[in-house]
Amino acid sequence: MADDSGSAFQTGQTALIVRIPEAERSVRKWRERLDPSAQAGVPAHVTVLFPFLDEGRIDALVHSALADVLGSHPAFDLRFERCGRLPGVSYLVPEPDTQLRQLTEAIADRWPEAPPYGGRFAEIVPHLTIAQGQEDSVLEDIEADLADRLPFTSHVSSVQLIVHDGMKWQERASFTLGRS
């Protein structure tokens, strides 16, 4: 969940993510050193929506609405076979990314007060962040290291709601996607 702003996470901040456990073996050593979200307890993932609603706004009605919205989308598979870059950022590219974009759009449509990344970016680029704030030489080292660890596939059947407690991100709920 690349924040890309350099600011610390806030207590009560929430996010919706898709865990990618198959990536851990390949990216853990890089993420633990070079990705602030990993250092704050977030597993390898692709962000669906960050930031979502403040934790104080998430009640039974929001849980029910999330279950309805996410349950209307089928489970799917993602393949990770290459790295991508944004300025100072290295990430794995999920393919196809259509279902991820649809999840983000559906949540943002239901909660327009929570646009992806606070509305800072015109285009949504689904990605699994490996490193942030790094020089090109570091990003090149990461890509060279990962060349022998790709490709891999992940089955996505749920979306997790995570909350920052002031120290770490904690999973609060998991929402099952519909059957594919």
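For the structure itself, look to the data block above.
Keep in mind the model is a prediction, meaning the values are calculated, not measured. (Residues numbered from 1 in each chain as written. Predicted model: local features only at pLDDT ≥ 70, side-chain atom pairs only at ≥ 80, totals over all residues. Heavy atoms only, no water.)

### Regarding the sheet that holds strand S8 (residues 169-176)
- Spatially, S2-S1-S7-S8 is the arrangement adopted by the four strands of the open sheet, whose pairing is antiparallel. For this open sheet the edge positions go to strand S2 (45-49) and S8, each flanked by a neighbour on one side alone. Taken pair by pair, the neighbouring strands of this sheet meet at an average axis angle of 35 degrees, ignoring direction.
- Bridge count for strand S1 (residues 14-19) against strand S7 (residues 158-164) is four bridges, and the pairing is antiparallel. From the neighbouring strand, leucine 16 faces S7, where its bridge partner is leucine 161.
- Lying over the sheet, helix H4 (residues 98-110) contacts S1, S2 and S7, oriented at roughly 30 degrees with respect to S2. (Pairing = 2+ DSSP bridges. Helix = DSSP H or I, 4+ residues; strand = E, 2+ residues; numbered from the N terminus. Axes fitted to C-alpha atoms, helices over the stretch in contact; angles between N-to-C directions. Contact = heavy atoms within 4.5 Å.)

### Focus on unusual backbone geometry
- For the bond from phenylalanine 50 to proline 51, the omega torsion is -15 degrees, close enough to zero to count as cis.
- Following glutamate 95, the chain continues to proline 96 via a peptide bond in cis, the omega torsion being -10 degrees.
- Checked against the element boundaries, proline 96 lands in the loop between strand S4 (89-95) and H4.
- The phi dihedral of tyrosine 117 is positive, around 50 degrees, even though this residue is not glycine.

### Re H4
- Over its 13 residues, H4 runs 18 Å from end to end, which matches the ideal 18 Å to within 8%, given 1.5 Å per residue.
- Residues of H4 that are buried: Leu100, Leu103, Thr104, Ala106, Ile107 and Ala108.
- Elements that come into contact with the buried residues of H4 comprise S1, S2, helix H3 (60-71), strand S3 (76-86), S4 and S7. (Expected span 1.5 Å × (residues − 1). Buried < 20%, exposed > 50% of the residue type's maximum accessible area, 1.4 Å probe, protein only.)

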